[in-house]
Amino acid sequence: LTALRAEDSDIRKNIILEDLHDRNETLYHRIIIDHIEEMAPLIYTPTVGQACKEFGTRYRRSRGMYFTEEDRGHMAAMVHNWPHDDVHVIVVTDGSRILGLGDLGANGMGIPIGKLSLYCAAGGIAPHRVMPVVLDVGTDNEELLNHPFYLGVQKPRLKGEKYFHLVDEFMKAVRYRWPNVLVQFEDFSSDKAQILLNKYRYDHLSFNDDIQGTGATTLAGVLGAMRAKGEPVNSLGKQRIVIAGAGSAGIGVGQVLMEAMMEQGYTEAKAKEAFFVVDQDGLLSKDRISELSPEQATFAREEDGGLSLHGVVEKFKPTILLGMTAVGGLFNESLIKEMASHCDRPIIFPLSNPTSRAECTAAQAFEWTDGKCIFASGSPFDPVTMDDGRVLHPTQCNNMYVFPGIGLGATICGAKSVTDRMLYVAAEALANFVSQEELEQGKVFPHISAIRDVSHAVAVAVIKEAVAEELSTKLEEKHLTDIEGLVRRKMYDPIYVPLIEKREVTI
């Protein structure tokens with residue numbers, strides 16, 4: 001820790017931690033757990049973005065598995081090269097949309113490695129039960145295609161049926177060796193993410209963190225923000241929600257929020273009226289229906305097609321503004337001030353990663369609303385001191401609050417699938433974990449030091465829902481009497497295990 005803290009550069013700190021990861025996995029996870037607030041930004045967002053960009057130039061040791069087009073027909077055999085027989089969670093990416101950085105190809109391996117470090121530390125899943133994977137199907141990034149140190153396949157990206165056949169063979173191969181494994185799709189580009197989720201979510205234990213995880217985490221933040229405003233959480237359908245960004249993350253958040261409204265008793269038609277989804281061409285509407293995916297079409301409005309983001313805020317006076325565009329600075333002063341002019345306590349969540357791609361900073365949002373807004377962001381920001389001496393505390397709307405608990409719960413109970421209802425109860429458990437004191441400070445997520453307790457609460461909620469939906473293959477109703485204790489006992493704790501059991505032997 002002394003050596004780590006002596007470094008000024010976050011990427012250098014990331015390298016030091018990954019070197020420790022390779023040398024001493026137990027100590028690595030112990031440090032992350034005991035110093036999670038300090039370490040999480042170094043092993044994941046925002047530092048992991050730079051780590052991925054430099055992955056080839058600082059490569060030291062292999063971690064995870066890579067599958068390419070050349071491996072077609074051999075994947076069922078290849079998975080037996082993995083040395084562990086009891087894999088519970090796989091995080092897989094094809095590197096096509098790494099955070100807000102775009103196509104990084106095989107360099108995207110930094111994302112599964114970072115996510116699974118959080119699964120182990122925050123979710124309590126043992127490191128020998130996780131596997132990071134990259135589907136190396138090439139890259140369309142010209143810089144990487146010509147880079148001498150790029151480790152991936154230096155060919156244009158595989159597309160169409162060949163791409164989906166490769167993914168299908170991979171999914172069958174891992175399920176063949178580990179029938180109950182949870183596959184988490186991570187950072188797939190928008191043109192493939194929803195298609196893959198729709199194809200596998202009911203037949204394989206799988207979920208997409210960018211779509212469903214982001215949605216559940218954002219829902220928890222919105223429910224917490226409503227509590228902070230003194231509004232009943234069951235009035236979600238009465239909010240006016242602007243979503244900037246119509247990619248997989250933006251649409252995924254909209255879907256989860258709409259499902260939550262319907263859980264609260266609103267009709268689908270009434271729930272849809274609450275949403276205004278804006279992309280680079282303006283407000284989604286029916287006159288662009290031929291250009292939209294089925295999921296985007298759900299949020300297309302009857303009129304005002306193409307209306308700009310500022311125009312939407314000015315006309316419809318939203319209470320909630322969510323950003324998932326990866327366009328840094330999109331939420332400018334005039335936009336935020338316009339929102340604050342018609343809403344006493346606007347909810348503003350710029351959720352894009354890394355920090356450079358955030359739609360606005362915490363300091364800007366608080367300054368432009370005179371400290372009235374409720375703020376959460378995808379990347380961490382420091383507390384902000386206002387001119388009048390008030391100290392305002394932004395919180396991080398990070399998927400790490402949700403996905404480790406979902407994975408832990410789903411694997412403990414042997415869930416057959418991750419349902420929308422499981423995502424809702426996960427978000428509810430997270431929202432209920434925020435104390436009244438934290439809400440009074442404007443925080444809508446619990447302190448990150450409580451992350452293992454949060455994951456425990458989320459896992460318990462997911463297990464109860466899986467049992468209620470009769471999707472649990474390992475646990476039944478009778479096991480729920482001490483489900484909190486069962487989950488706690490199943491959580492990995494990084495301690496050194498004695499190599500020799502000490503016991504008395506009598507002859």
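Keep in mind that what you see is a predicted model, and the values were worked out from it rather than measured. (Residues numbered from 1 in each chain as written. Predicted model: local features only at pLDDT ≥ 70, side-chain atom pairs only at ≥ 80, totals over all residues. Heavy atoms only, no water.)

Student: Outline empty space enclosed by the protein, listing residues and values.
Tutor: Evaluated as defined, the whole model comprises three cavities of 30 Å³ or more. In this structure, the largest cavity encloses a volume near 280 Å³. As for the largest cavity, its lining consists of 20 residues, of which E18, F55, R58, R61 and I113 are closest to the centre. The set of elements that each furnish at least two residues to the lining of the largest cavity consists of α2 (10-23), α5 (47-53) and α7 (110-121). In terms of residues, the lining of the largest cavity owes the most to one element, α2, which gives five residues. As a volume, the second largest cavity reaches approximately 50 Å³. Forming the boundary of the second largest cavity are L219, V256, E259, A260, D420, L423 and Y424. At the level of elements, α12 (248-263) and α19 (420-433) are the ones that each hand at least two residues to the lining of the second largest cavity. Looking at side-chain class alone, the lining of the second largest cavity contains five nonpolar, no polar and two charged residues. (1 Å grid on protein atoms, 1.4 Å probe; cavity = no way out; pocket = protein on both sides within 12 Å on 5 of 7 lines; lining within 4 Å. Points joined across faces, edges and corners; volume = space filled by probe spheres on them. Helix = DSSP H or I, 4+ residues; strand = E, 2+ residues; numbered from the N terminus. Nonpolar A, V, L, I, M, F, W, Y, C, P; charged D, E, K, R; others polar.)

Student: I'd like a rundown of the sheet that holds strand β7 (residues 275-279), residues and numbers included.
Tutor: Taken in spatial order, the seven strands line up as β8-β7-β6-β9-β10-β11-β14 in an open sheet, and their pairing is mixed. What marks the edges here is a single partner per strand, and that holds for β8 (282-283) and β14 (395-396). Alignment of strand β6 (residues 241-244) against β7, held across four bridges, turns out to be parallel. Residue pairing for β7: I243 is matched across the bridge by V277. The strands touched by helix α11 (residues 209-229) are β9 (320-323), β10 (347-350) and β11 (374-377); relative to β10, the strand with the most contacts, the crossing angle is about 155 degrees. Helix α16 (residues 333-342) rests against β9 and β10 of the sheet, and its axis sits at about 155 degrees to β9. (Pairing = 2+ DSSP bridges. Contact = heavy atoms within 4.5 Å. Axes fitted to C-alpha atoms, helices over the stretch in contact; angles between N-to-C directions.)

Student: An account of the side chain of H204 is requested, with residue identities and associated values reported.
Tutor: As for its placement among the helices and strands, H204 is situated in the loop between α10 (190-200) and β5 (206-208). Residues contacting H204, with those up to four places away along its chain left out, are M171, R175 and K416.

Student: Tell me about the layout of surface pockets, residues and numbers included.
Tutor: Approximately 920 Å³ is the volume found for the largest pocket. Lining the largest pocket are 47 residues, and of these R97, M324, T325, A326 and S352 lie nearest its centre. Of all elements in the fold, only α11, α12 and β7 reach the threshold of two or more residues within the lining of the largest pocket. The biggest single contributor to the lining of the largest pocket is α11, with five residues.

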